[in-house]
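Chain and residue survey
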Amino acid sequence: MAVRCNLIIDSCCDLPAHLVRGEGIKLMKFPYLMNGAECYDDLFVTGSAHNFYDQMRDGAMPTTAQIPYMAIKEAWVEAAKSGVPTVFLCFTSGLSGTYETVLTLMEETQEEYPDAELYLVDTCLASIAEGFLVNEAIRQRNLGLTAAELAQWADEAKYYVNCIFMVDDLEALRRGGRIPAAVASIGSKLDVKALLNFDLDGSLALAGVARGRKKGMKAMVDIFAKESYKTDKILTLTMGNADCPKDMEKLKELTRKANPNVAIIDCNIGPVIGCHVGPNMLAMVYWGEDRRGTHSLADRIAKKVKGN
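First things first, this report covers the structure right here in the doc.

Here is what the cut-offs are and how they apply
- Residues numbered from 1 in each chain as written.
- Predicted model: local features only at pLDDT ≥ 70, side-chain atom pairs only at ≥ 80, totals over all residues.
- Heavy atoms only, no water.
- Helix = DSSP H or I, 4+ residues; strand = E, 2+ residues; numbered from the N terminus.
- Buried < 20%, exposed > 50% of the residue type's maximum accessible area, 1.4 Å probe, protein only.
- Contact = heavy atoms within 4.5 Å.
- Areas by Shrake-Rupley, 256 points an atom, 1.4 Å probe, with all protein chains shown as cover.
- Arc of directions from axis to C-beta.
- Lys, Arg positive; Asp, Glu negative; His and termini not counted.
- Salt bridge = Lys/Arg side-chain N within 4 Å of Asp/Glu carboxyl O.
- Axes fitted to C-alpha atoms, helices over the stretch in contact; angles between N-to-C directions.
- Parallel < 35°, antiparallel > 145°, perpendicular 65-115°, else oblique.
- Left-handed = near helix turned anticlockwise from the far one by under 90°.
- Nonpolar A, V, L, I, M, F, W, Y, C, P; charged D, E, K, R; others polar.
- Pairing = 2+ DSSP bridges.
- Phe/Tyr/Trp six-rings, centres within 6.5 Å; stacked < 30°, edge-to-face > 60°.

**As for the overall build of the chain**
Each helix and strand in the chain was counted, giving 11 helices and 13 strands. When burial is assessed residue by residue, the chain has 52% of its 308 residues classed as buried. Of the contacts formed within the chain by residues at least 6 apart in sequence, a portion of 77% connects residues at least 24 apart. Approximately 14500 Å² of the chain is accessible, and the part contributed by carbon and sulfur atoms is 53%.

Here's what the structure looks like:
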């Protein structure tokens, strides 16, 4: 069956490169600066995760930037000229201004090419959580969803993507402005491992804390066992690590004890996300209950008032 739409995705999905190769899939590469040199995130096709994180361990402090304006514009124009309906699944607007740039350029392109069928979805996710959604979106597209259907599917499915990740050191997140300095300082002094996930707007949220790395890994699996969607006979889980393969294997072992039917997709945490989380991050992503159900009563009332 010929695909009925094309996909544009970005490198912050942190999927293995072979999973995002295919007809009608375009990868937008985020740039980053390492030791003054501009690099592009190609999902570690060139370079290795170990080399990248070892440079951080040796004191390098890489920085990130948005996808270049012209690269996004060219991608939209290419999509419009192709005549094939296209969906862009974008890195969360909660952590980057990229989404707003992509939206503006899509609207400009639609004015230039009024017959073009273009869609944009703010995944409100990052790293392997974004990748989890992207990987399933590719499968749904290959099963025959149209661009309009796929955009609608992704905009709903993102709320069922549950994740939990643990960073080894909160300093990198503090430096990038993702958490308050006081939280990072207390975490380091007490050897507290923060367990993080995403809020509904795609910003970081605190899911829990654990004293020490081993307890943190156990807590991750406990959260997974509680939150994962139980009715699937085979539960697919995406698991990522920032150059800590031994801990990754231990996390897999604990996870399979909790659910022997789990199928695990291995990922490396990519360099752009890695700039902000540092070495030794562990992450797991899975289908779970609708995260909108965790809204406070006040939020649910506001949502009802807005008619959503």
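**What to know about helix H1 (residues 49–57)**
Three or more residues of H1 are buried, namely Ala-49, Phe-52, Tyr-53 and Met-56. Seen from one end, H1 has its buried residues packed into an arc of 85 degrees, which puts them on one side. Gly-59, located one to two residues past H1, shows a positive phi value of around 110 degrees.

**Focus: the side chain of Asp-41**
Residue position: Asp-41 is located in the loop between strand S4 (37–40) and H1. No salt bridge is formed by the buried Asp-41. Its closest oppositely charged neighbour is Lys-29, at 8.7 Å. Once residues lying within four places of it in the same chain are set aside, the contact partners of Asp-41 are Ser-11, Cys-12, Asp-14, Lys-29, Phe-30, Tyr-32, Pro-271 and Val-272.

**Observations regarding the environment of Leu-150**
Residue placement: Leu-150 occurs in helix H5 (residues 147–157). Judged by its relative accessible area of 0%, Leu-150 falls in the buried class. Along the primary structure Leu-150 and Leu-7 are separated by 143 residues, whereas in three dimensions their C-alpha atoms are 9.6 Å apart. Among residues more than four places away in sequence, those in contact with Leu-150 are Cys-5, Leu-7, Val-87, Ala-137, Gln-140, Arg-141 and Leu-145.

**Digging into the packing of helix H4 (residues 127–142) against H5**
Across the interface, H4 lies against H5 with an axial gap of 11 Å and an inter-helix angle of 150 degrees. In terms of orientation, H4 lies roughly antiparallel with respect to H5. You can see that H4 and H5 cross each other, and the crossing is right-handed. Contacts between H4 and H5 pair Leu-133, Glu-136, Ala-137, Gln-140 and Arg-141 from the former with Leu-150, Trp-153, Ala-154 and Ala-157 from the latter. Here the contact of H4 with H5 is composed, by residue class, of 6 nonpolar, 1 polar and 2 charged.

**Side note on the sheet that holds strand S12 (residues 263–268)**
What the 6 strands build is an open sheet, ordered S10-S9-S8-S13-S11-S12; its pairing is mixed. Edge positions in the sheet fall to strand S10 (204–211) and S12, since each of these pairs with one other strand and no more. Averaged over neighbouring strand pairs, the angle between their axes works out to 20 degrees when direction is ignored. Its contacts with the sheet place H4 against strand S8 (161–166), strand S9 (192–198), strand S11 (236–241), S12 and strand S13 (282–287), and it is angled at close to 35 degrees to S13.

**Section: the packing of aromatic side chains**
Considering all chains together, one arrives at 8 aromatic pairs under this definition. For the ring pair Phe-30 and Phe-91, a centre distance of 5.6 Å and an interplane angle of 70 degrees mean the geometry is edge-to-face. Here Phe-30, found in the loop between strand S2 (25–28) and strand S3 (31–34), pairs with Phe-91, found in the loop between strand S6 (86–90) and helix H3 (98–112); they are 61 residues apart in sequence, far enough to count as distant. On the basis of relative accessible area, Phe-30 is assigned to the buried category, the value being 2%. A relative accessible area of 6% means that Phe-91 is categorised as buried. Grouping aromatic residues by their ring pairs yields a cluster made of Tyr-32, Phe-44, Phe-52 and Tyr-53.

Nothing here speaks to function; it is geometry throughout.
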